[in-house]
Structures are given as structure tokens and as C-alpha cells.
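Residue-level structural notes
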Amino acid sequence: RIAVVIVFVIVLQALSLSAPIMPVDYSKWDHIEISDDEDDTHPNVDTPSLYRWRHEARVKREEEEKQERAKKNAEEKLRLQKLENLNKEIAKLEAKGELDDAEKSQLQSKKDEAKKLEAQQAEFTKKEAELAEYQKAHPNWNVDNMSQDKHNKTLINKGTKKSGNDMDLTDFFKTYGEDVKKFGMLSKTQDSHAFLKERMHLVCEHLASFLVIFAVDLQVEEKFELMRRVARQAIVAQYILELAKTLKRDPRSCVDAFFSRIDNAEQQYLDAFEDEYKSLLKRVEDRAKARLEEAKAEIEKEEREKRLGPAGLDPLEVLEQLPPKMKEAFEKQDTPLLQQCFKELPDDEAEEVYNKVVGSGLWVPGGGEKKEETIEEESAAAGTD
């Protein structure tokens with residue numbers, strides 16, 4: 001037994017020498033900000049208020065940093081655009097060949113300015129790289145960024161209502177039109193999110209189509225404020241669909257992802273959203289205008305068909321083609337004046353005019369004061385008096 005114990009001790013010593021225990025590296029946690037709800041406070045301090053103030057201070061600081069980054073990125077974009085324009089102008093001047101003194105001075109000035117901008121851009125790139133390297137080596141951890149969502153899965157329960165994906169556009173309008181209109185009336189992001197979460201059967205391609213048509217209807221009815229609200233909801237629906245296409249997922253599983261993104265979006269994302277919204281407003285206004293013009297044209301066509309004469313001629317069009325004096329006679333229903341006008345016309349022209357006024361219904365044969373005469377007799381009388 002003693003021999004066995006000795007051997008066991010020797011084996012343990014050998015293992016400890018061959019595989020030394022490595023210390024755990026805790027340096028990655030050196031820059032953790034204390035959680036807003038985990039540190040101790042003095043009994044006389046209102047703990048909830050302290051936590052809230054700390055959290056607000058951190059959120060404000062992060063927002064300021066975010067705005068500063070956006071400002072620097074915007075300045076860089078302007079600088080690069082200006083540099084590009086200068087290089088084009090320099091190339092244009094150099095391509096001219098011989099330059100006068102003014103052009104040479106202008107060329108040198110542009111080269112100096114371009115060189116200065118290149119130096120600024122190089123310095124900016126260098127500082128950004130150094131800052132990125134420092135932030136990577138000294139990350140600031142807090143309760144909001146210590147973990148990231150690597151896998152997000154939405155399970156869609158099969159409800160009793162039929163999904164819009166399984167309907168054609170007409171059936172969707174008839175079945176869910178009222179619900180879509182209610183969604184279009186919403187103005188707050190939180191309300192829109194909650195509404196769709198409770199009615200996932202609405203989230204499909206037809207949702208955006210219905211809202212656009214609804215917006216055009218409201219524009220035609222001159223309900224402009226309501227139209228703008230519905231148009232914004234149409235862009236919300238379209239963005240959910242586009243996100244689903246990008247992620248290759250069911251649009252219903254992207255509802256939470258979209259509203260989370262829009263609530264925490266950078267200015268660039270919000271600007272793109274607003275651009276899409278303004279573009280849709282223009283399309284809605286154009287479509288409403290075209291619809292009104294189409295309706296007006298249809299009404300005019302129906303009215304014209306109603307007033308066509310026996311020969312299919314429009315009396316208004318024929319009236320406009322008559323000589324001014326004859327037109328006045330028809331408008332005043334002055335038969336003597338009308339007969340005088342026909343006397344002044346050559347025979348062939350008088351016959352042509354008679355055919356038009358009769359064919360359009362302006363002159364009814366046998367009508368007027370001389371009921372005993374036919375239109376042919378009146379024409380002959382007008383030509384021989």
C-alpha cells in the first residue's frame with residue numbers, strides 16, 4: 001500500500017510539472033461600466049433615482065458620440081466629393097494644352113487646394129484607424145452591449161384567420177379591408193407594431209398595395225392629412241416586405257425586427273425612409289390627378305354620346321364650326337336671322353351646313369315656327385329668296 005501511495009504522489013508531481021495551470025485572463029473585463037442596477041449605494045441615497053440618472057447620463061453620452069461620428073462621416077463625404085470635383089476640373093484644364101496666365105493661376109490654385117484636401121483626408125484616415133485600434137483594445141462594456149442577439153427566431157402560430165398570402169388581391173380587400181384601413185390611420189410606431197402583432201395575417205404583399213390605393217382614394221377626396229398618414233404606413237409595410245426579402249424570411253417574422261430597427265435607426269436609415277415616403281407622396285398625387293382626368297374624360301364622353309344627333313354628330317362641335325352670325329342665330333333661336341344667313345351662303349355650302357345642323361339635331365325638320373314646311377323646303381326657300 002505504501003508503494004502504491006508513493007507512485008500516486010510521483011504521478012501527480014509529474015502531471016503538475018508537465019501541465020502547469022494557466023491563469024485566467026480577466027483583462028478583457030477591465031473597462032466594464034458598472035450596471036445601472038447592481039452596485040451598492042449609501043442608505044441616504046435614493047437608489048432608483050441614482051440608477052435612472054446614471055442610465056440617462058450614459059445614454060446621452062452615447063448619443064453624443066453617435067452624433068459626432070455622423071458629423072465626421074458627413075464632413076469626410078463632403079471632402080471627398082470636393083476633391084473629386086477638383087480633380088475633374090484639373091484634368092479638364094490640363095487637357096486644354098496651352099493656357100493663358102489666368103488659367104495657369106487657376107490650375108495651380110486648384111492643385112494646391114486638392115493637395116491640402118488629400119493631406120486632410122490622409123490625416124483623418126490615420127486618426128480613425130488609430131481610434132478603431134484603441135477602441136478594439138479598450139472596449140467599453142455595459143449592460144446594453146455586453147451581449148448580442150446571434151439567433152432570433154419567431155414562431156408564427158396558425159390562427160383561425162386566413163393569411164393574406166393565401167388570397168388574391170380582391171379577396172384580401174373584401175376580407176381585411178377594414179382592418180387595413182384602421183392600420184393606415186395609425187400615427188404612432190408603437191401602435192402600428194402592436195396592431196400588426198395582433199393581426200399577423202395582414203402582413204403580406206397585399207398590405208402595401210391596399211394602403212397605396214387607399215392613399216390615392218383619399219387624395220382624390222381631398223383628405224390630404226389623412227392621405228399622408230396612410231402613405232407613411234404604406235412605406236412601413238413596404239420596408240417590412242423588403243427586410244423579409246433581404247433576410248429570405250416570411251414577412252410576418254420580420255415585424256419585430258423592423259420596428260426594433262426603426263426605433264434605434266441611425267439618421268442615414270431614417271433619411272432613406274423619409275425619401276421613400278416623399279417619393280410615394282409624389283406618386284400618389286400624380287396618380288390621383290390622372291384618375292381625376294380619366295374620370296372627367298369619361299364623363300365628357302358619356303355626355304357627348306347623349307347629345308349626339310341623328311347622324312351621330314355632336315351639336316356643340318357643329319355649332320362651333322358655323323359662321324359667327326349663324327351661330328348667334330342658333331343661340332338666340334332667331335329663325336329669320338337664320339334664313340338670312342343661309343341666303344348669304346353658296347348653294348353647295350348651304351346644303352352642307354343644312355346636313356350638319358340636321359344631323360347634329362340643331363335643326364329638327366318640321367320644327368320651329370314653320371311647322372308645315374320640311375327642312376328641304378326651308379333650304380330651297382333660303383336659296384331662292
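Since the structure is predicted, the reported quantities are computational estimates derived from the model, not experimental observations.

What counts as what
- Counting from 1, residues in each chain are numbered in the order their sequence is written.
- This being a predicted model, a pLDDT of at least 70 is required before a residue's local features are given, and a value of 80 or more before pairs of side-chain atoms are given or counted; all residues contribute to the totals for chains, interfaces and linings.
- The basis for the side-chain values is all heavy atoms of the structure; hydrogens and waters are excluded.
- For salt bridges, the criterion is a side-chain nitrogen of Lys or Arg within 4 Å of an Asp or Glu carboxyl oxygen.
- For the purposes of this entry, the term helix denotes a DSSP run of H or I that reaches at least four residues, the term strand denotes a run of E that reaches at least two, and both are numbered from the N terminus.
- Think of it in three bands: with a 1.4 Å probe and only protein chains considered, a residue is buried below 20% of the maximum accessible area for its type, exposed above 50%, and partly exposed in between.
- Arc definition: directions from the helix axis to the C-beta atoms.
- Here, two residues are considered to be in contact whenever any of their heavy atoms come within 4.5 Å of each other.
- Structural elements are reduced to axes, namely lines fitted to C-alpha atoms, with helices fitted over the stretch in contact, and the angle between N-to-C directions of any two is expressed from 0 to 180 degrees.
- Angle categories: roughly parallel below 35 degrees, roughly antiparallel above 145, roughly perpendicular from 65 to 115, and oblique for all the rest.
- Classification convention: Asp, Glu, Lys, Arg as charged; Ala, Val, Leu, Ile, Met, Phe, Trp, Tyr, Cys, Pro as nonpolar; all other residues, Gly among them, as polar.
- Nine residue types can take part in a nonpolar core, namely buried Ala, Val, Leu, Ile, Met, Phe, Trp, Tyr and Cys, and a core is a set of them joined through side-chain atoms within 4.5 Å.
- Any residue with relative accessible area above 30% and no salt bridge may belong to a patch, with like charges joined within 9 Å and the nonpolar Val, Leu, Ile, Met, Phe, Trp and Tyr side chains within 5 Å.
- In these tables, accessible area is a Shrake-Rupley quantity obtained with a 1.4 Å probe, and a residue counts as shielded only by the protein chains included in the view.
- This count recognises Lys and Arg as positive and Asp and Glu as negative, with His and chain-terminal groups excluded.
- Where a charge lies is defined by one atom per residue type: Lys uses NZ, Arg uses CZ, Asp uses CG and Glu uses CD.
- Pairs were defined over the aromatic rings of Phe, Tyr and Trp, the Trp ring being its six-membered one, requiring ring centres within 6.5 Å. Orientation was assigned from the angle between planes: stacked under 30 degrees, edge-to-face over 60, tilted for the rest.
- Here, a charge over a ring means that NZ of Lys or CZ of Arg falls within 6 Å of the ring centre while also lying within 35 degrees of the ring normal.
- Confidence scores here are pLDDT values: one per residue, from the predictor, ranging 0 to 100.

What follows covers the pattern of salt bridges. By the definition in use, this model includes 19 salt bridges. Ionic pairing is found between K88 and E84, a salt bridge with its closest N-O pair at 3.6 Å. Residue K88 and its partner E84 are both found in helix α2 (residues 47–95); the two are separated by four residues, about one turn of the helix. The exposure class assigned to K88 is exposed, which follows from its relative accessible area of 53%. For the salt bridge of R199 with E198, the shortest nitrogen-to-oxygen distance reads 3.5 Å.

With that settled, consider helix α5 (residues 189–198). All of the buried residues in α5 are S192, F195 and L196. Across the axial projection of α5, the buried residues extend over an arc of 90°, all falling on one side. Opposite the packed face of α5, turned more than 90 degrees from it, sit the exposed residues Q190 and E198. Residues of α5 that are buried sit in contact with α4 (169–185), α6 (205–220), α7 (224–247) and α8 (255–263).

The interhelical angle for the contact between α4 and α7, taken along N-to-C directions, is 105°, at an axis separation of 7 Å. Judged on the interaxial angle alone, α7 and α4 are roughly perpendicular. Where α4 abuts α7, its residues F183, G184 and M185 lie against L226, R229, V230, Q233 and V236. Residue composition of the contact of α4 with α7, grouped by class: five nonpolar, two polar and one charged.

With that settled, the discussion passes to the nonpolar core. If you look at the biggest cluster of nonpolar residues, it comprises 42 residues, and the most contacted ones within it are L196, L211, I240, F258 and F259. Those elements that provide at least two residues to this core are α4, α5, α6, α7, α8 and α9 (267–307). Ranked by the residues each element gives to this core, the list is headed by α7, at twelve residues. In this structure, L196 is in contact with F183, V203, L207, I240, V255 and F259, ignoring residues within four places of it in sequence. L322, A329, L337 and F342 belong to the second-largest nonpolar core, a separate cluster that totals 16 residues.

This brings us to the environment of D286. Tracing the sequence through the fold places D286 in helix α9. It is 9.8 Å that separates the C-alpha atoms of D286 and Q219, two residues lying 67 residues apart in sequence.

This part is about a negative patch on the surface. A contiguous patch of negative charge on the surface is contributed by E298, E300, E302, E303 and E305. Take E300: its relative accessible area is 44%, and that puts it in the partly exposed class.

Next up on the list: the packing of aromatic side chains. For the structure shown, the criterion picks out eight aromatic pairs. Here the aromatic residues Y239, F258, F259, Y269 and F273 are joined through ring pairs into a cluster of three or more. Seen from the ring of F195, R199 lies directly overhead, with NZ or CZ sitting 3.8 Å from the centre. Lying over the aromatic face of Y277, R232 brings its terminal NZ or CZ to 4.1 Å of the ring centre.

Before going further, it helps to spend a moment on the confidence of the model for the protein chain. Residues of the protein chain with pLDDT of at least 70 account for 74%, and the chain-wide mean is 77. Residue range residues 367–385 is modelled with pLDDT below 50. Its contacts to residues more than four positions away, or to other chains, number 20 contacts.

As a further point, take the environment of K110. Secondary-structure assignment places K110 in helix α3 (residues 101–137). Taking the relative accessible area as the measure of exposure, K110 reaches 15% and is therefore buried. Note: C-alpha distance between K110 and L83 (27 residues apart in sequence) is 9.7 Å. Excluding anything up to four places from it in sequence, K110 contacts L86, E89, I90 and L93.

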